[in-house]
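Commentary on secondary and tertiary structure
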Amino acid sequence: MDFSGCTGRVIENPNEALTVALEEAQSWRVSPCFQSDQKSFSSSIFFSFLFSAIHRTQPWFHGRISREDTQRLIIQQGLVDGVFLLRESQRNPKGYVLSLCHLQKVKHYLILPVSEEGQLYFTMDDGQTRFADLIQLVEFHQINRGILPCKLRHYCTCIAL
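Residues numbered from 1 in each chain as written. Predicted model: local features only at pLDDT ≥ 70, side-chain atom pairs only at ≥ 80, totals over all residues. Heavy atoms only, no water.

Under an unreviewed UniProt entry, the protein has the name SH2 domain-containing protein and belongs to Chelonoidis abingdonii. Its UniProt record gives the protein the following Subcellular location (unreviewed entry) comment, quoted word for word: "Cytoplasm". (UniProt positions renumbered as here; feature names shortened; annotations may be inferred.)

1. What to know about the packing of aromatic side chains
Tallied over the entire structure, the rule returns three aromatic pairs. Where Y96 meets F122, the ring centres are 6.1 Å apart and the plane angle is 70°; that geometry is what we call edge-to-face. With Y96 in strand β3 (residues 96-102) and F122 in strand β5 (residues 119-123), this pair connects stretches of sequence that are 26 residues apart. The class of F122 is buried, set by a relative accessible area of 5%. On the basis of an interplanar angle of 50° and a centroid distance of 5.3 Å, the ring pair of F131 and F140 is categorised as tilted. Using a relative accessible area of 2% as the deciding quantity, one classes F131 as buried. Judged by relative accessible area, F140 falls into the buried class, the value being 14%. By way of ring pairs, the aromatic residues F61, Y96 and F122 are connected into one cluster. The residue whose ring lies beneath R130 is Y121, and the NZ or CZ to ring-centre distance is 4.6 Å. (Phe/Tyr/Trp six-rings, centres within 6.5 Å; stacked < 30°, edge-to-face > 60°. Helix = DSSP H or I, 4+ residues; strand = E, 2+ residues; numbered from the N terminus. Buried < 20%, exposed > 50% of the residue type's maximum accessible area, 1.4 Å probe, protein only. Lys NZ or Arg CZ within 6 Å of the ring centre and 35° of its normal.)

2. Digging into the nonpolar core
Within the largest apolar cluster, 20 residues are counted, with the highest numbers of intra-cluster contacts made by W60, L86, L98 and I111. Looking at this core, the element that brings in the most residues is helix α4 (residues 134-143), giving five residues. Counting residues in each nonpolar core, the second largest holds eight residues, with I65, V83, L85 and C156 among its members. (Core = buried A, V, L, I, M, F, W, Y, C linked by side-chain atoms within 4.5 Å.)

3. Section: the environment of M124
Checked against the element boundaries, M124 lands in the loop between β5 and β6 (130-131). Discounting chain neighbours no more than four positions away, the residues touching M124 are L98, Y109, L110, I111, L137, H141, I147 and L148. (Contact = heavy atoms within 4.5 Å.)

4. Quick look at the side chain of T70
Turning to its location among the elements, T70 is positioned in helix α3 (residues 67-76). The class of T70 is buried, set by a relative accessible area of 0%. A distance of 2.8 Å separates a polar side-chain atom of T70 from the backbone oxygen of S66. Beyond its immediate stretch of four places on either side in the chain, T70 contacts I65, L85, R87, S99 and H108. (Polar contact = N/O pair within 3.5 Å; in protein donor to acceptor, adjacent residues only side chain to side chain.)

5. Some details on the layout of surface pockets
Counted as a void, the second largest pocket has a volume near 220 Å³. R67, E68, R87, S89, Q90, R91, N92, V97, H108, Y109 and L110 together form the lining of the second largest pocket. Sorting the residues of the lining of the second largest pocket by element identifies α3 and β4 (105-116) as the ones contributing at least two each. Residues of the lining of the second largest pocket, tallied by class, amount to three nonpolar, four polar and four charged. (1 Å grid on protein atoms, 1.4 Å probe; cavity = no way out; pocket = protein on both sides within 12 Å on 5 of 7 lines; lining within 4 Å. Points joined across faces, edges and corners; volume = space filled by probe spheres on them. Nonpolar A, V, L, I, M, F, W, Y, C, P; charged D, E, K, R; others polar.)

Take a look at the structure:
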């Protein structure tokens, strides 16, 4: 499956894209059908940079925390099915980890970036399901279970350990 958002309006002007991102809380997507000719090359770099960091504004993203701290946070939230957070992987410098509570156990799923034809995607299942960014991955799994044992229901809030 491909959830890259090839339909809809593509904003090619970097200034307009930044304005829209700020006004709409980064809820828009860039089409992977974006041409990488010389004229749009700098725009492609801009969009790649923007999307590499856009998830950092989300309440479910906890940055660089350890697996142990992740488990403590989720346990403090009550071990309810569907409680989750997303963090940077400590073992894979380019990867991320989706940590999820299911049946009172914390499970961890590696998310890897995959580049195909100059387009960056994120996947948890070796490219079978690809997402344009981490926000799209989380939104998909809040609606669909996908490869996870349950849907993402409640993000884990950041509290002092």
